[in-house]
2 protein chains.
Amino acid sequence: MPQTIRISKPTARRLTMYLRVLQSVVETGGMECISSHQLGAAAGVADAQVRKDLASIGGRGQSGVGYRTRELHETMRRAIGLQKSWRAVLVGAGNIGRALLAYPRFHTEGFELVAVFDHAPSVVGKRVAGLAVQPMKAIPATVRRSGAHFGIVAVPPSDAQNVAEILVASGIRGLLNFAPRALQLPAHVASVNVDFTEAFQRLAFETTNQSSRSKRTTGA
Amino acid sequence: MPQTIRISKPTARRLTMYLRVLQSVVETGGMECISSHQLGAAAGVADAQVRKDLASIGGRGQSGVGYRTRELHETMRRAIGLQKSWRAVLVGAGNIGRALLAYPRFHTEGFELVAVFDHAPSVVGKRVAGLAVQPMKAIPATVRRSGAHFGIVAVPPSDAQNVAEILVASGIRGLLNFAPRALQLPAHVASVNVDFTEAFQRLAFETTNQSSRSKRTTGA
DNA sequence: GATTGTGAAGAGCTTCACAGCT
DNA sequence: AGCTGTGAAGCTCTTCACAATC
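Residues numbered from 1 in each chain as written. Chains lettered and ligands numbered in written order. Predicted model: local features only at pLDDT ≥ 70, side-chain atom pairs only at ≥ 80, totals over all residues. Heavy atoms only, no water.

**Some thoughts on the overall build of chain A**
To keep things clear, this is the line we draw: Secondary structure elements follow DSSP: runs of H or I no shorter than four residues count as helices, runs of E no shorter than two count as strands, and numbering proceeds from the N terminus. To sort residues, take the accessible area from a 1.4 Å probe on protein chains only and compare it with the maximum for the residue type: under 20% means buried, over 50% means exposed, and anything in between is partly exposed. By definition in these notes, contact holds between two residues if any of their heavy atoms fall within 4.5 Å. The Shrake-Rupley method, run with a 1.4 Å probe, gives the accessible areas here. Residue values count only the displayed protein chains as cover. Residues counted as positive are Lys and Arg, residues counted as negative are Asp and Glu, and His and the chain ends are not counted. To locate a charge, the coordinates of NZ of Lys, CZ of Arg, CG of Asp or CD of Glu are taken.
Secondary structure assignment for chain A yields eight helices and ten strands. Seen along its three principal axes, the alpha-carbon backbone of chain A occupies a region of about 60 × 45 × 35 Å. Taken over 220 residues, chain A has a buried fraction of 54%. Pairs at least 24 residues apart make up 57% of the contacts formed inside chain A by residues separated by at least 6 positions. With the model as given, the accessible surface of chain A reaches about 9800 Å², and the carbon-plus-sulfur share is 53%. Of the side-chain charges in chain A, 27 are positive and 14 negative, and the distance between the mean point of each set is 3 Å.

Take a look at the structure:
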């Protein structure tokens, strides 16, 4: 088993930003090496911070040169947990669910959609992203059979908690919640909220309070 | 002018969570008063933290009783910057843009969509959310005429920086960025990123590192 | 008895600065 | 000269604890 270093939340968040930068560098066949200064500039982070973050996941650089991009890219994907392929199910085949599926690179990032569920009889049976939409009652059996890791909650707020509980009871380990509502979950289930309303409110706040330091304008 | 207290980023983020709780309490005609403990439980925050946050925006409670819900709701909306109505323009009428418009309460939250732009000639002229889609070249004139405050960037990553610069040059004060790419912006322009890819990566990370403390699983 | 408001302590994160390596 | 790795300082945020209040 590899070293079990503690990666803090702020560090984890920045790692995803570095990854995005590295990904475009690697894809375009750019630089062999990148310095903490360069990486930081692209991600909006101080260079010393970048070095601390990279050190925390075991990334080693070369004095006077920087970090080897391909190698760092791999190390980073492993640290974030993208070395394995995650299976996800989508609950709610409405606008938000479909927008998510249309998102570029959803599949190439190590995530695989294995089932779609919806409440409305008019939608059940139709195909979304190549999958036949199943009725809600099929959730437990399908989740168990497929061994899905994540559940994507893209239903109206009033149904969100209920759907979340069904997913958790079916053995899901993490939830991506699009409903503008905080979910009450057992501690062993991870969850990340994506809430457009909240994003707008943050924008309103930041615009109102012309914040002096312009760092960390980045959200999820 | 009211007191210009500094509200920290973490506090601002929690305020939006409290607001969500309060909103549902007020809407359902629930409790007259709410204690810091109750509000905290619903939002996943410690009670002392809630009191500090509320104190920072001038919310005053009553010992032994709590905070008056309606009053607190108003104070909070004002602190976040929702007392005024913000005008926004959408650039990119694809899946993501449309999903956003379909989001519940988009209009009732103090935000108003005043224009939609798209690059594709096949989309220009069509109606989205009751607005005729305009070509990209119309951005500067329309933004200026409408006095829009925010720009919603819902275009492919390769176009995002370019679109952002056009919006900024047209007088936009804040950007909601859906492209999975960090935007380079002048300091006076606020920006909030909503990145599904990043959300998934955070979920992968949290699921991998079965984090002991389950707080702050909440994202944007 | 329940709950607020807050100073003080504690924990965590970021920045600084510089020795050491290439 | 350029860059990394890191101890130490500085700063911010959170938790604790309790007197004051209703």
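Next comes the rest of the write-up.
**Comments concerning the protein's contact with DNA strand C**
Definition in use: Throughout, the term near means that a residue has one or more heavy atoms lying within 4 Å of the molecule or strand in question. N or O atoms closer than or at 3.5 Å make up a polar contact, with two conditions inside protein: a donor-capable atom paired with an acceptor-capable one, and, for residues adjacent in sequence, both atoms drawn from side chains. Each residue gets one of three labels, nonpolar for Ala, Val, Leu, Ile, Met, Phe, Trp, Tyr, Cys and Pro, charged for Asp, Glu, Lys and Arg, and polar for the others, Gly among them.
Around DNA strand C sit 21 residues in total, of which R14(A), S36(B), R51(B), G61(B) and Y67(B) are the nearest. One of the side-chain nitrogen or oxygen atoms of K52(A) is found 2.9 Å away from a base oxygen of DNA strand C. Those elements that provide at least two residues to the surface near DNA strand C are α1 (9-27) and α3 (47-56) of chain A together with α3 (47-56) of chain B. No other element matches the four residues that α3(A) contributes to the surface near DNA strand C. Residue classes in the surface near DNA strand C are distributed as five nonpolar, ten polar and six charged.

**Re the packing of aromatic side chains**
For clarity, the threshold we go by: Pairing of aromatic rings covers Phe, Tyr and the six-membered ring of Trp, with a centre-to-centre limit of 6.5 Å; geometry is then stacked below 30 degrees between planes, edge-to-face above 60, and tilted otherwise. Here, over-ring charges are defined by two tests on the NZ atom of lysine or the CZ atom of arginine: distance to the ring centre within 6 Å, and angle to the ring normal within 35 degrees.
The full count for this structure, using the stated rule, is nine aromatic pairs over all chains. Judged by centre distance (4.8 Å) and plane angle (15°), the ring pair of W86(A) and F150(A) falls under stacked. A residue pair is termed long-range when its members are at least 10 positions apart, and W86(A) in strand β3 (residues 86-91) and F150(A) in strand β8 (residues 150-153) qualify at 64 residues. By relative accessible area, which is 0% here, F150(A) ends up buried. Here the aromatic residues W86(A), F111(A), F150(A) and F200(B) are joined through ring pairs into a cluster of three or more. Above the ring of W86(A), the side-chain terminus of K84(A) is found at 4.5 Å from the ring centroid.

**Considerations on the nonpolar core**
Applied cut-off: Here, the term nonpolar core denotes a set of buried Ala, Val, Leu, Ile, Met, Phe, Trp, Tyr and Cys residues that are joined through side-chain atoms within 4.5 Å.
If you look at the biggest cluster of nonpolar residues, it comprises 98 residues, and the most contacted ones within it are M76(A) and M76(B). With sequence-adjacent residues up to four places away left out, M76(B) is seen in contact with L15(B), Y18(B), L19(B), L22(B), L54(B) and I57(B).

**Considerations on the packing of α1(A) against helix α2 (residues 36-43) of chain A**
A packed helix pair is summarised by two numbers, namely the angle formed by the two axes and the spacing between the axes. Residue and element names in this part refer to chain A. For the record, the criterion: All axes are obtained by fitting lines to C-alpha atoms, using only the stretch in contact for helices, and the reported angles, taken between N-to-C directions, cover 0 to 180 degrees. Each angle receives one of four descriptions, namely roughly parallel if under 35 degrees, roughly antiparallel if over 145, roughly perpendicular if within 65 to 115, and oblique otherwise.
Across the interface, α1 lies against α2 with an axial gap of 9 Å and an inter-helix angle of 105°. In terms of their interaxial angle, α1 and α2 are classed as roughly perpendicular. Listed contacts from α2 to M17, Y18 and V21 of α1 are L39, A42 and A43. A class-by-class count of the residues in the contact of α1 with α2 yields six nonpolar, no polar and no charged.

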